[in-house]
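Next come the chains, spelled out residue by residue.
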Amino acid sequence: MSHPNADLIQRFYSAFQKLDAESMASCYAEDVRFSDPVFVDLHGAEAGDMWRMLCSRAEDFSLTFDSVHADDHAGSARWVASYRFSATGRQVVNHIQARFVFRDGLIVEHRDHFDLWRWARQALGGKGLLLGWAPPVQAAIRRQAARGLAQFRGTR
């Protein structure tokens, strides 16, 4: 029998496989904190809106996940997202390690780790290969993502 928090992680990624952002967001506590190499420090509704934005824009999307582990306090999973990056039309396969903290049966902290340079090489092509490691390029990627999320949130 699996732990209820492992079931919560399973529910989160099963919803993601269906691009069901509402079900994903329902796994989060109201004061959730989310962070990854692109969306560095999201709080509360921003995190759910990020998933709503990403799911609504997904093209040629598939997701697999495994290695789900959880106890009363923390959990982890590995997941792989494959999709077409809409800004360039390039295919991306992103390998992510996720860490979670739980409170009262919900995710209160979610941190995704992946190689941003590897992502940039796939998503941006030659520019990403040559410059994706550079802090100014990575900062520009973050700024563009933040602008996209702010615009998405403004239209909701």
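Computed from a predicted structure; not experimentally measured.

Participant: Would you explain the sheet that holds strand β3 (residues 62-70) in this entry?
Facilitator: In any sheet, the strands associate via hydrogen bonds between backbone groups, in a parallel or an antiparallel arrangement. Spatial strand order, β2-β1-β6-β5-β4-β3: 6 strands in an open sheet with mixed pairing. Edge positions in the sheet fall to β2 (42-43) and β3, since each of these pairs with one other strand and no more. Judged from the 7 bridges that link them, strand β5 (residues 90-103) and strand β6 (residues 106-113) form a sheet pairing that is antiparallel. Note that in β6 the partner of Gln97 across the bridge is His113. Here helix α3 (residues 45-57) sits on the sheet and contacts β1 (28-35), β2, β4 (74-85) and β6; the angle it forms with β1, its principal contact strand, is near 70 degrees. Sheet strands in contact with helix α4 (residues 116-124) are β4 and β5, and its direction is about 145 degrees off that of β5.

Participant: Looking at this structure, how should I read the nonpolar core?
Facilitator: Here is a general trend for soluble globular proteins: nonpolar side chains tend to be buried in one another's company. Formed by 46 residues in total, the largest nonpolar core has its most connected members in Tyr13, Phe39, Trp51, Trp79, Ile107 and Trp119. No other element matches helix α1 (residues 4-17), which puts 7 residues into this core. With residues up to four places along the chain from it excluded, the contact list for Trp79 reads Tyr13, Phe16, Trp51, Leu63, Thr64, Phe65, Asn94, His95, Ile96, Ala98 and Asp112.

Participant: Got a minute to help me understand the pairing of β3 in this structure?
Facilitator: Working note: regular strand, side chains alternate between the two faces of the sheet. As judged from the 7 bridges shared by β3 and β4, these two strands associate in the antiparallel manner. Looking at β4, one finds that Leu63 is bridged to Ala81. The antiparallel hairpin formed by β3 and β4 contains 3 residues in its connecting segment.

Thresholds, definitions, all that
- Residues numbered from 1 in each chain as written.
- Predicted model: local features only at pLDDT ≥ 70, side-chain atom pairs only at ≥ 80, totals over all residues.
- Heavy atoms only, no water.
- Pairing = 2+ DSSP bridges.
- Helix = DSSP H or I, 4+ residues; strand = E, 2+ residues; numbered from the N terminus.
- Contact = heavy atoms within 4.5 Å.
- Axes fitted to C-alpha atoms, helices over the stretch in contact; angles between N-to-C directions.
- Core = buried A, V, L, I, M, F, W, Y, C linked by side-chain atoms within 4.5 Å.
- Buried < 20%, exposed > 50% of the residue type's maximum accessible area, 1.4 Å probe, protein only.

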